[in-house]
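# Structural description and commentary
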Amino acid sequence: MSVLTKFRRIHQDECGAVTVDWVVLTAAIIGLCISIFVYFGEGMGVVGKATSGQLSEIASRIETGTVLDPY
């Protein structure tokens with residue numbers, strides 16, 4: 001078997017192509033997720049702090065018994 005025949009077999013073999021496709025697709029998804037977290041990260045922190053403040057206020061009202069009954 002000549003070197004040229006071996007090269008043709010390797011060139012025509014597509015077993016590794018699927019793996020490469022999955023690696024590229026996974027890297028693209030991870031990159032997209034990172035960019036979304038970077039873009040929205042600061043806003044999510046602001047919303048988290050506001051929510052935490054509201055929950056703390058409700059918890060303190062429950063402890064002191066000043067929660068209004070909605071019914």
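Criteria and thresholds
Residues numbered from 1 in each chain as written. Predicted model: local features only at pLDDT ≥ 70, side-chain atom pairs only at ≥ 80, totals over all residues. Heavy atoms only, no water. Helix = DSSP H or I, 4+ residues; strand = E, 2+ residues; numbered from the N terminus. Buried < 20%, exposed > 50% of the residue type's maximum accessible area, 1.4 Å probe, protein only. Patch = residues over 30% accessible without salt bridge, like charges linked within 9 Å, V, L, I, M, F, W, Y side chains within 5 Å. Areas by Shrake-Rupley, 256 points an atom, 1.4 Å probe, with all protein chains shown as cover. Salt bridge = Lys/Arg side-chain N within 4 Å of Asp/Glu carboxyl O. Phe/Tyr/Trp six-rings, centres within 6.5 Å; stacked < 30°, edge-to-face > 60°.

## Observations concerning the overall build of the protein
If you tally the helices and strands in the protein, you get two helices and zero strands. Looking at the 71 residues of the protein, the share that counts as buried comes to 0%.

## Regarding a nonpolar patch on the surface
Where nonpolar side chains cluster on the molecular surface, the patch consists of L32, I36, F37, Y39, F40 and M44 and spans about 700 Å² of accessible area. Among the structural elements, F37 can be located in helix 2 (residues 15-64).

## Overview of the pattern of salt bridges
Note on pairing: side chains with opposite charge can pair once their charged atoms come close. According to the stated counting rule, one finds one salt bridge in the structure shown. Residues R61 and E57 are paired through a salt bridge, measuring 3.1 Å at the closest nitrogen-oxygen approach. Here R61 and its partner E57 are both found in helix 2, four residues apart, which amounts to about one turn of the helix. A relative accessible area of 35% places E57 in the partly exposed class.

## Description of the packing of aromatic side chains
Enumeration over the complete set of coordinates arrives at one aromatic pair. Seen in terms of ring centroids, Y39 and F40 are 4.9 Å apart; in terms of plane orientation they differ by 90 degrees. Their pairing is edge-to-face. For Y39, a relative accessible area of 65% translates into the label exposed.

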